[in-house]
Structure formats: C-alpha cells, structure tokens
Amino acid sequence: PGRGDGNDGDGNDGGDDFVLLGSRIVIRQGKNAGRTGTVTERIRYDHVRLEGIPGQLFHHEDDVEVIRHGDRRSSDFEKKYLGGTARVTKRGHPSRGTVARIVKTVQGWWYVTDNRDISIAYPPEKFEVLSPGPGGANGGGTPGRIP
C-alpha cells in the first residue's frame, strides 16, 4: 500500500494508482531533499536517454523523433525503444538536430506537489509519505519509506 503502482495486494489493481494523491510527502533525494508538499498530480513518465548526451532524458514523443525503433513490433516500452535511433527535436536544446542511439528508457508514474519550491516531479522511490491522503483503495498512502 502507498506505493502508487496499482498493486497493493487487494486484487483490485485498476484504480489504486491514485493512492498517493493528497498524501503529505518529504523528498529524500536530489536537490529538493528535505522539502515537503502535498501530492496534487500524477504524471506518466515515458522518457529515453541518448548516447553522448549525459544526464538528459527526453520524452519519447515530444522531445525526439524516433528514426529507428529497437523492436518496432513490441508493445513493451523498453524493447520498443532501447537500441533504436532518435533525433533531438526539443526546441532550444543545445543538442537539437543530433542523431544518437537510445541507450536507456525510463518509465513510470511521477508525482507533483503543491510546494512551488519543488519545481520537478519525483518517482515514489525518492520520497517518503509523512501522512496519507484521502483517496485510494486503502484510504490513502501508507506513512513510511516507499520501497
């Protein structure tokens, strides 16, 4: 419970993804470590990393043009994109126009808080639930570190 992945063991995995909405959290890793906020939004994070552009993740549809898929027929995100080739199309990015191999995929749900000082979304493994929110199959997120 409280992981926000839809698999809390209750046999009803369809609607449990929203279990963290309304939960009070503290960021445990990164530049915002120690800051707290209330989860207000959940976003799908489907990104790729390109060879030769360290530290930058690109959205697989908005920031790059996929020239060649790893396995075009696969429905699995990682298999479909990993090993493929993409061109950076993100406006204003210094690597715009660069063609590179897709060397990593990152996929999952990330969470946004009401704290304006926390300018980015975080995955569940980078924060801790301080107090549960009102939603979800079990009445909200479970306090404690999320594995």
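Nothing here was measured: the structure is a model prediction, and the numbers come from that model.

Caption draft 1: The overall build of the protein, seen in detail. Of the regular secondary structure elements, the protein holds one helix and eight strands. N-terminal to C-terminal, the α/β element order of the protein is β-β-β-β-α-β-β-β-β. Burial status across the protein gives 39% buried among its 147 residues. Long-range pairs, those at least 24 residues apart, make up 52% of the contacts in the protein between residues at least 6 apart in sequence. Carbon and sulfur atoms form 43% of the exposed surface of the protein, whose accessible area is close to 8,200 Å².

Caption draft 2: Representation of the pattern of salt bridges. Here the structure, examined in full by the defined rule, presents four salt bridges. Ionic pairing is found between R28 and E128, a salt bridge with its closest N-O pair at 3.0 Å. In this pair, R28 sits in the loop between β1 (24-27) and β2 (36-50) while E128 sits in strand β7 (residues 127-131), placing the two residues 100 residues apart along the sequence. Across the salt bridge formed by D46 and R44, the nearest N and O atoms sit 3.3 Å from each other.

The rules behind each value
- Residues numbered from 1 in each chain as written.
- Predicted model: local features only at pLDDT ≥ 70, side-chain atom pairs only at ≥ 80, totals over all residues.
- Heavy atoms only, no water.
- Helix = DSSP H or I, 4+ residues; strand = E, 2+ residues; numbered from the N terminus.
- Buried < 20%, exposed > 50% of the residue type's maximum accessible area, 1.4 Å probe, protein only.
- Contact = heavy atoms within 4.5 Å.
- Areas by Shrake-Rupley, 256 points an atom, 1.4 Å probe, with all protein chains shown as cover.
- Salt bridge = Lys/Arg side-chain N within 4 Å of Asp/Glu carboxyl O.

Read these as spatial facts, not as claims about activity.
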